Amino acid sequence: MRFWLLMLGGLLIWAAHFMALYLLSSASDVARDDAGAWNGAGLVFSLICLIAIAGLCWRCIVWLRMKPTDETRAFGLRLAVAGGLLGGIGVVFQTLVLLAPV
Amino acid sequence: MSSETGFDPELYKRFPTTEARPEGELEQLDEVWCGPRRPWEWITAINNNYIGVYYVGAAMLFFVLAGVLALLMRTQLALPMTGFLAQETYNQIFTMHGTVMMFLFAVPAVEALGVLLLPQMLGARDLPFPRLSAYAFWAYLVGGLCFFASLFFGLAPNGGWFMYPPLTSTTYSPGINADFWLLGIGFIEISAIAGAIEIIVGVLKTRAPGMTLDKLPIFAWAMLIFACMIIIAFPSIILSTLLLELERALGWPFFDAAKGGDPMLWQHLFWFFGHPEVYIIFLPAAGAMSTLIPAVAQTKLVGYRLVVLAMLATGFISFGVWAHHMFTTGMPQISINYFSAASMAVSVPAGVQVFAWIATLAAGKMRFNTPGLFAVGGLVIFVMGGLTGVMVAMVPFDWQAHDSYFIVAHLHYVLIGGMVFPLFAAIYYWTPMSSSRPLSERWGKWIFWLMFVGHNVTFMPMHLTGLMGMPRRVYTYLPERGWDLPNMISTVGSFMFGLAVLLWVVDMVRNFRPFGNKDAGNVFGGPGLEWLPSGRYSLRSVPVIKSLYPVWDQPDLARDVEAGRYFLPGAPRGERETMITSPINAEPQYLQRMPQPSSWYVWGAIFTAGFFLILTIQAYLVSVISGVLAVYCILKWCWGLDRPSGPATVDVGGGVRLPTYVSGPSSHGWWAMVITLIVSGMVAIMACFSYVFLWSRRPDLWQAPPEIGSLPLTLGLLAAAGVGAWASQGALKLDRPRSAGIAAVLMLAATLAAGGAFAAEASAWWNSGLRPDASSQGATVYALLAWQGTFVGISLLMGPFVLLRWLCGLVSSRYPATFEVVALFVAFTAVQGAATTLLIRLFPGVGA
């Protein structure tokens with residue numbers, strides 16, 4: 001399970017980020033109060049997600065630089081880094097929505 | 001390589017073996033895996049070589065039938081104000097065209113391709129649950145044909161393939177046409193999910209030794225992601241069809257705005273399934289493209305890892321785009337922006353795959369054979385559809401193009417380029433594997449060009465008709481609006497496409513020779529295991545995989561595999577069996593005993609389809625009888641599980657000994673149950689979403705839940721059920737003289753506790769005065785209770801089933817797999833019950 005979580009980490013974080021932003025915006029719509037505060041919460045969460053992705057990528061790159069002999073593990077780590085980068089782009093892209101004027 | 005299971009990878013060095021194989025070994029293997037000998041056995045066959053071909057054949061039959069419906073529609077639209085089809089007939093035909101193409105052709109076709117190809121590709125004898133594949137196929141075929149036949153009685157659904165309420169509510173669709181769709185889709189969902197379970201466990205657990213994840217064929221990756229997506233997406237359509245049918249049959253107002261319901265709920269639930277569905281269809285086809293393009297170009301796929309990542313990313317991001325079908329519904333602007341951003345983002349992984357294919361073709365030497373033409377043609381069409389996809393992902397443009405023929409053009413470019421052309425490429429490419437003759441190259445090229453030109457002539461003008469304002473789904477139009485010429489051109493193109501399909505059918509009839517003793521061989525020079533010499537048992541022996549392209553990189557592989565010099569060269573126990581390996585490194589774990597053909601799963605499938613379809617015509621008694629018979633057949637099928645047999649370990653070649661029985665998380669049955677429970681959990685999660693969503697629409701209509709004092713009783717009984725189920729398998733593991741009996745009784749008690757909890761909770765709500773037809777709160781609360789009640793009902797069947805097995809001496813600590821999966825199910829029922837109870841009792845509190 002750890003292998004799968006590591007390999008899919010970046011994409012899982014993207015998914016969590018997307019769902020969280022959607023839930024926050026829906027909650028904001030239901031509450032009908034200050035949308036700026038909800039957006040602020042979204043921005044904070046986005047930052048946390050980006051830090052998590054950066055941490056994941058950094059950790060995987062460190063492991064890769066140790067030249068793992070296990071090809072499957074190396075494959076998983078490379079996939080994790082690429083998935084992290086893609087997830088990171090996705091998170092930034094979704095976060096830009098929050099920066100639009102309320 | 002480090003070991004995942006404790007298996008010593010050094011043992012692989014014993015292969016290929018050098019000693020001669022015993023006499024009669026191959027003959028025994030042939031005999032054990034023999035094909036049908038009597039007419040009836042053609043129906044009860046379970047081997048993937050048969051079921052896979054049946055499955056692909058049935059899917060293509062539905063493709064042809066839905067295509068005929070398309071031609072009828074195009075004939076009607078060729079000229080303005082024609083009366084070729086009546087309005088109501090046209091409505092039924094366009095609804096059936098979409099429904100049949102999406103539910104009876106697209107998903108089953110790619111699932112069928114998986115069932116047919118995966119065992120050979122992975123080096124397995126068969127997929128781990130061949131009876132489940134057979135059950136899925138027969139339920140789909142019988143149900144699908146009956147569903148299609150509704151058209152001939154004027155009873156076909158007529159509300160469009162996405163069946164939006166309130167159009168499909170009883171007010172505006174009073175007949176049983178909509179019910180045919182809602183219940184008819186039910187068995188297709190079951191069939192698709194059964195197939196997905198088979199594929200996930202098959203890809204993860206039945207790979208040839210050494211086929212680690214980095215050496216997994218790209219098609220198998222695609223099928224794995226596809227099946228996981230079905231597990232996540234299909235629960236949403238299961239729930240939505242259930243809710244709409246409950247509203248139609250019993251008046252529970254989920255979508256009725258007057259009682260606090262909201263039609264938007266349907267759109268959320270439907271598209272949470274519906275958009276991933278597009279990628280569910282696309283990914284296996286893309287996997288097939290990534291497999292056959294290297295063969296066509298005779299070079300390795302460029303960017304294998306990136307293509308895997310792209311498919312994984314597509315799988316994830318596709319779940320974040322569902323609401324881009326709802327841009328015109330008045331959703332909050334910020335939500336629209338999220339979905340617009342995600343819709344554009346999903347083009348990134350799709351683009352990675354497209355560039356990988358182009359790079360592979362450029363790196364190799366392209367051969368313009370029929371599969372190659374279909375692959376390149378599909379690529380061109382898909383890219384064009386993708387570009388208009390980015391256009392409609394932009395909200396202002398979508399507002400203009402929504403529900404116009406522009407969308408019809410876009411979706412056909414995506415689906416035909418992304419799935420139909422690759423499927424034809426796959427059929428031409430893999431037919432020599434299943435048939436003693438390849439399809440005609442000469443005909444194939446004619447068929448390709450007719451189809452390619454026909455597609456573009458049909459759908460290219462639709463972009464213009466859409467931009468000129470022609471709405472989709474109209475059965476006719478007025479003259480002199482500028483729509484006449486493009487419509488006529490589209491009709492001409494559609495008949496070109498139809499001619500291509502007709503020629504293909506003729507070519508199949510002329511050349512397809514399945515089920516023979518020989519296949520046509522590796523005509524296209526493919527690199528995968530499926531091109532090794534094989535029989536009904538798949539490969540003679542299961543090789544150790546050292547490369548992503550074993551046939552290209554391991555030159556003596558075919559000879560050694562055929563000579564039985566690898567794993568499992570015979571049938572060590574004289575019965576059907578396959579090797580189960582670990583999910584990451586594919587290390588041999590145990591030998592799975594495979595079932596023999598019988599008729600129970602066929603009857604089970606027929607009665608399952610009967611239950612849903614007879615329910616539609618409101619013959620409730622007959623429907624219930626059919627349902628009971630389906631349950632009986634399935635129980636009868638399950639009765640044969642876990643029978644003791646043979647030695648505890650056997651030699652699977654090279655002196656490697658493997659156990660013949662395993663339970664718990666290593667066993668294939670445990671995996672299947674966990675995946676089934678994920679499906680169930682997803683339905684429950686979507687139902688909880690519906691509950692919260694409807695509350696957010698009309699909180700003023702919600703009343704206080706029952707007195708909190710009754711909650712501990714429900715939760716206590718559920719805790720007893722969960723603990724009882726857990727303790728029962730613990731008791732069985734003790735392996736003492738009475739442990740089997742104690743375990744069976746504990747299990748029965750656990751199921752009764754779950755039943756008691758359900759009764760307590762249902763009566764508490766009933767006594768609170770809330771009624772399911774009164775408001776959206778009542779509807780969702782009782783829907784959640786009904787879902788839990790279904791699980792409790794199944795648990796109450798399982799309890800006596802386990803007790804009966806114990807009385808017959810079939811519960812034993814040496815063979816606990818069946819008992820463990822029952823315990824897992826009952827424990828899940830308890831957890832699900834507790835979670836939903838807490839939600840409906842504590843949210844939104846004591847009334848708004």
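To keep things clear, this report deals only with the structure shown in the data block. Within any chain, residue numbers begin from 1 and follow the written order of that chain's sequence. Lettering for chains starts from A, numbering for ligands starts from 1, and both go in the order in which the items are written. This being a predicted model, a pLDDT of at least 70 is required before a residue's local features are given, and a value of 80 or more before pairs of side-chain atoms are given or counted; all residues contribute to the totals for chains, interfaces and linings. Working from all heavy atoms in the structure, the side-chain values ignore hydrogens and water.

### A closer look at the overall build of chain B
Argument step 1. Note on conventions: DSSP H or I runs of at least 4 residues are helices, E runs of at least 2 residues are strands, and numbering of each starts at the N terminus. Helix and strand counts for chain B come out as 25 helices and 6 strands.
Argument step 2. Relative to the globule expectation of 29 Å for 848 residues, the C-alpha radius of gyration of chain B, 27 Å, shows essentially globular dimensions.
Argument step 3. Taken along the three principal axes of its C-alpha coordinates, chain B extends 80 × 75 × 50 Å.
Argument step 4. Each residue gets one of three labels from its accessible area relative to the maximum for its type: buried under 20%, exposed over 50%, partly exposed in between, using a 1.4 Å probe on protein chains only. In chain B, buried positions account for 62% of the 848 residues.
Argument step 5. We call two residues contacting when some pair of their heavy atoms lies within 4.5 Å. In chain B, once contacts between residues fewer than 6 apart in sequence are set aside, the share between residues at least 24 apart is 81%. Only C-alpha atoms enter the radius of gyration; for comparison, a globular chain is expected to reach 2.2 Å times N to the power 0.38, where N is the number of residues.

### Notes on the overall build of chain A
Argument step 1. Looking only at helices and strands, chain A has 4 helices and 0 strands in total.
Argument step 2. Across chain A, helices and strands are ordered from the amino to the carboxyl terminus as α-α-α-α.
Argument step 3. Relative to the globule expectation of 13 Å for 102 residues, the C-alpha radius of gyration of chain A, 16 Å, shows a markedly less compact shape.
Argument step 4. Residues counted as buried form 44% of the 102 residues belonging to chain A.
Argument step 5. Here chain A has roughly 5,300 Å² of accessible surface; of this, 72% comes from carbon and sulfur atoms.
Argument step 6. The charge count includes Lys and Arg as positive and Asp and Glu as negative, but it does not include His or the ends of the chains. Charge positions are represented by NZ for Lys, CZ for Arg, CG for Asp and CD for Glu. Averaging the coordinates of the 7 positive side-chain charges in chain A and doing the same for the 5 negative ones gives two points 17 Å apart. Residue burial considers only the protein chains on display, and all accessible areas are found by Shrake-Rupley using a 1.4 Å probe.

### As for the pairing of strand β4 (residues 588–593) of chain B
Residue and element names in this part refer to chain B.
Argument step 1. The element β4 is largely enclosed, with a buried count of 5 among its 6 residues.
Argument step 2. With 5 bridges joining them, strand β3 (residues 577–581) and β4 adopt antiparallel strand pairing. The residue of β4 that forms the bridge with Met 579 is Leu 591.
Argument step 3. Paired strands are those between which DSSP finds at least two bridges. Where β3 folds back on β4, the antiparallel hairpin that results is connected by 6 residues, among which Ala 586 adopts a positive phi of roughly 55°.

### Some details on empty space enclosed by the protein
Residues and elements named next belong to chain B.
Argument step 1. For each structure, a 1 Å grid was placed over the protein atoms alone; sets of points admitting a 1.4 Å probe that cannot get out are labelled cavities, open sets with protein on both sides within 12 Å along at least five of seven lines are labelled pockets, and lining residues have an atom within 4 Å of a point. Grid points are joined across faces, edges and corners, and a volume is the space filled by probe spheres set on the points. Under the definition given, this model contains 6 cavities of 30 Å³ or more.
Argument step 2. The wall of the largest cavity is formed by 18 residues, among which Pro 217, Ile 218, Thr 291, Leu 548 and Tyr 549 lie closest to the centre.
Argument step 3. If one sorts the elements of the lining of the largest cavity by residue count, helix α8 (residues 263–297) sits on top with 3 residues.
Argument step 4. Broken down by class, the residue content of the lining of the largest cavity amounts to 13 nonpolar, 3 polar and 2 charged.
Argument step 5. Considering only enclosed or pocket space, the second largest cavity measures out at about 80 Å³ in volume. Here the nonpolar group is Ala, Val, Leu, Ile, Met, Phe, Trp, Tyr, Cys and Pro; Asp, Glu, Lys and Arg are the charged ones; every other residue, Gly included, is treated as polar.

### So, the interface of chain B and chain A
Argument step 1. Of the residues lining the interface, 35 residues belong to chain B; the matching set on chain A comes to 28 residues.
Argument step 2. Taken together, both faces of the contact between chain B and chain A bury some 3,000 Å²; the carbon and sulfur share is 79%.
Argument step 3. A 1.4 Å probe defines the accessible area here, and the buried area is the portion of it lost by two parts on being joined, summed over both. Considering only the surface of chain B that becomes buried against chain A, B:Arg305, B:Phe316 and B:Tyr338 emerge as the three largest contributors, covering 25% of it.
Argument step 4. When a carboxyl oxygen of Asp or Glu is within 4 Å of a side-chain nitrogen of Lys or Arg, the pair counts as a salt bridge. In this structure, the connection of chain B to chain A is made through 1 salt bridge.
Argument step 5. With its nearest N and O atoms 3.4 Å apart, the salt bridge here joins B:Lys215 to A:Glu71.
Argument step 6. Two N or O atoms count as a polar contact when they lie within 3.5 Å, although within protein this holds only if one can serve as hydrogen donor and the other as acceptor, and sequence-adjacent residues are included solely when both atoms are side-chain atoms. Linking chain B with chain A are 6 residue pairs in polar contact (both at pLDDT 80 or more).
Argument step 7. Broken down by secondary-structure element, the contributors of at least two residues to the side of chain B that touches chain A are α9 (304–317), α10 (333–345) and α21 (668–697) of chain B.
Argument step 8. Split into classes, the residues belonging to the side of chain B that touches chain A amount to 23 nonpolar, 8 polar and 4 charged.

### Brief notes about the packing of α21(B) against helix α24 (residues 776–807) of chain B
Residues and elements named next belong to chain B.
Argument step 1. Where α21 contacts α24, the two axes come as close as 9 Å, and the packing angle between them is 165°. Viewed along their axes, α21 and α24 adopt a mutual orientation that is roughly antiparallel. Like other packed secondary-structure pairs, α21 and α24 cross with a definite hand, here left-handed. Every residue of α24 that contacts α21 at Ser 680, Val 683, Ala 684, Ala 687, Cys 688, Ser 690, Tyr 691 and Leu 694 is listed here: Ser 776, Thr 780, Val 781, Leu 784, Trp 787 and Phe 791.
Argument step 2. Along the lines of polarity and charge, the residues of the contact of α21 with α24 split into 10 nonpolar, 4 polar and no charged. Only the stretch in contact is used when a helix axis is fitted, and all axes are lines through C-alpha atoms; the angle between N-to-C directions ranges over 0 to 180 degrees. The cut-offs work like this: below 35 degrees is roughly parallel, past 145 is roughly antiparallel, 65 to 115 is roughly perpendicular, and the gaps in between are oblique. By definition, any crossing whose near helix is turned counterclockwise from its far helix by less than a right angle is left-handed, and any crossing with a clockwise turn is right-handed.

### Brief notes about the pattern of salt bridges
Close approach of charged atoms lets side chains of opposite charge pair.
Residue and element names in this part refer to chain B.
Argument step 1. One pass over the structure, following the stated rule, counts 20 salt bridges over all chains.
Argument step 2. Of the charged contacts in the structure, one is a salt bridge between Asp 553 and Lys 300, with a shortest N-O distance of 3.1 Å. Pair noted here: Asp 553 is in helix α17 (residues 550–553) and Lys 300 is in the loop between α8 and α9, with a separation of 253 residues, a long-range link.
Argument step 3. Given a relative accessible area of 39%, Lys 300 falls into the partly exposed group.
Argument step 4. Of the charged contacts, one joins Arg 573 and Glu 575 as a salt bridge, the two residues approaching to 3.7 Å between their closest N and O atoms.

### What to know about a positive patch on the surface
Argument step 1. Exposure above 30% relative accessible area and the absence of a salt bridge qualify a residue for a patch, where like charges join within 9 Å and nonpolar side chains (Val, Leu, Ile, Met, Phe, Trp, Tyr) within 5 Å. A grouping of A:Arg65, A:Lys67, A:Arg78 and B:Arg305 is seen on the molecular surface, where their side chains present a positively charged patch.
Argument step 2. Topologically, A:Lys67 is positioned in the loop between α3 (35–65) and α4 (71–98).
Argument step 3. What makes A:Lys67 exposed here is its relative accessible area of 66%.

### Considerations on unusual backbone geometry
Argument step 1. Residue B:Pro166 is bonded to the preceding B:Pro165 through a cis peptide linkage, with omega at 10°.
Argument step 2. The residue after B:Phe843, namely B:Pro844, is reached through a cis peptide bond having omega 0°.
Argument step 3. With respect to the helices and strands, B:Pro844 occurs in the segment after α25 (817–842).
Argument step 4. One non-glycine residue, A:Lys67, lies in positive phi territory at about 50°.
Argument step 5. One non-glycine residue, B:Gln298, lies in the positive phi region at around 50°.
Argument step 6. Residue position: B:Gln298 is located in the loop between α8 and α9.

### Some details on the side chain of B:Gln832
Argument step 1. Positionally, B:Gln832 belongs in helix α25.
Argument step 2. The exposure class assigned to B:Gln832 is buried, which follows from its relative accessible area of 5%.

### Some points on the environment of B:Val348
Residue and element names in this part refer to chain B.
Argument step 1. Structurally, the position occupied by Val 348 is in helix α11 (residues 347–363).
Argument step 2. By relative accessible area, which is 42% here, Val 348 ends up partly exposed.
Argument step 3. Put simply, Val 348 and Ala 310 are 38 residues apart on the chain and 8.1 Å apart in space, counted from C-alpha to C-alpha.

### So, the environment of B:Ile634
Argument step 1. By secondary structure assignment, the location of B:Ile634 is in helix α20 (residues 620–639).
Argument step 2. Sequence spacing of B:Ile634 and B:Tyr135 is 499 residues, and the spatial spacing of their C-alpha atoms is 9.7 Å.

### Remarks on helix α22 (residues 711–733) of chain B
Along an α-helix, residues three or four apart share an orientation, since each turn contains 3.6 residues.
All names here are of chain B.
Argument step 1. Compared with an ideal rise of 1.5 Å per residue, which puts 23 residues at 33 Å, α22 spans 34 Å between its outermost C-alpha atoms and is within 8% of the ideal.
Argument step 2. Turning to α22, its buried residues are Leu 711, Thr 714, Leu 718, Ala 721, Gly 722, Gly 724, Ala 725, Ser 728, Gln 729, Ala 731 and Leu 732.
Argument step 3. The inward-facing, buried residues of α22 abut α23 (739–767), α24 and α25.
Argument step 4. One or two residues past the end of α22 sits Asp 735, with phi positive at roughly 55°. Here the expected length of a helix is defined as 1.5 Å per residue gap, with one fewer gap than residues.

### Remarks on a nonpolar patch on the surface
Residue and element names in this part refer to chain A.
Argument step 1. Together, Leu 43, Val 92, Phe 93, Leu 96 and Leu 99 line one region of the surface with nonpolar side chains, adding up to about 410 Å² of accessible area.
Argument step 2. The element contributing the most residues to the nonpolar patch is α4, with 3 residues.
Argument step 3. Here Leu 96 shows up in helix α4.

### Considerations on the nonpolar core
Argument step 1. Joining through side-chain atoms within 4.5 Å is the link that ties buried Ala, Val, Leu, Ile, Met, Phe, Trp, Tyr and Cys residues into a set, and such a set is a nonpolar core. Counting residues in each nonpolar core, the largest one holds 295 residues, and the members touching the most others are B:Phe105, B:Trp181, B:Trp221 and B:Met419.
Argument step 2. Among all residues touching B:Met419, those that are not within four sequence positions of it are B:Phe105, B:Ala106, B:Ala109, B:Val110, B:Ile281, B:Ala285 and B:Val414.

### Describing the packing of helix α6 (residues 177–205) of chain B against α21(B)
All names here are of chain B.
Argument step 1. Between α6 and α21, the least distance of the axes is 10 Å, while the angle of their chain directions is 135°. Taken together, the axes of α6 and α21 lie oblique to each other. The crossing of α6 and α21 is right-handed. In this structure, α6 contributes Ile 193, Ile 197, Ile 200, Val 201, Leu 204 and Lys 205 to the contact, and α21 contributes His 668, Trp 671, Ala 672, Ile 675, Thr 676 and Val 679.
Argument step 2. Among the residues making up the contact of α6 with α21, the classes are represented as 9 nonpolar, 2 polar and 1 charged.

Structural measurements only, silent on function.
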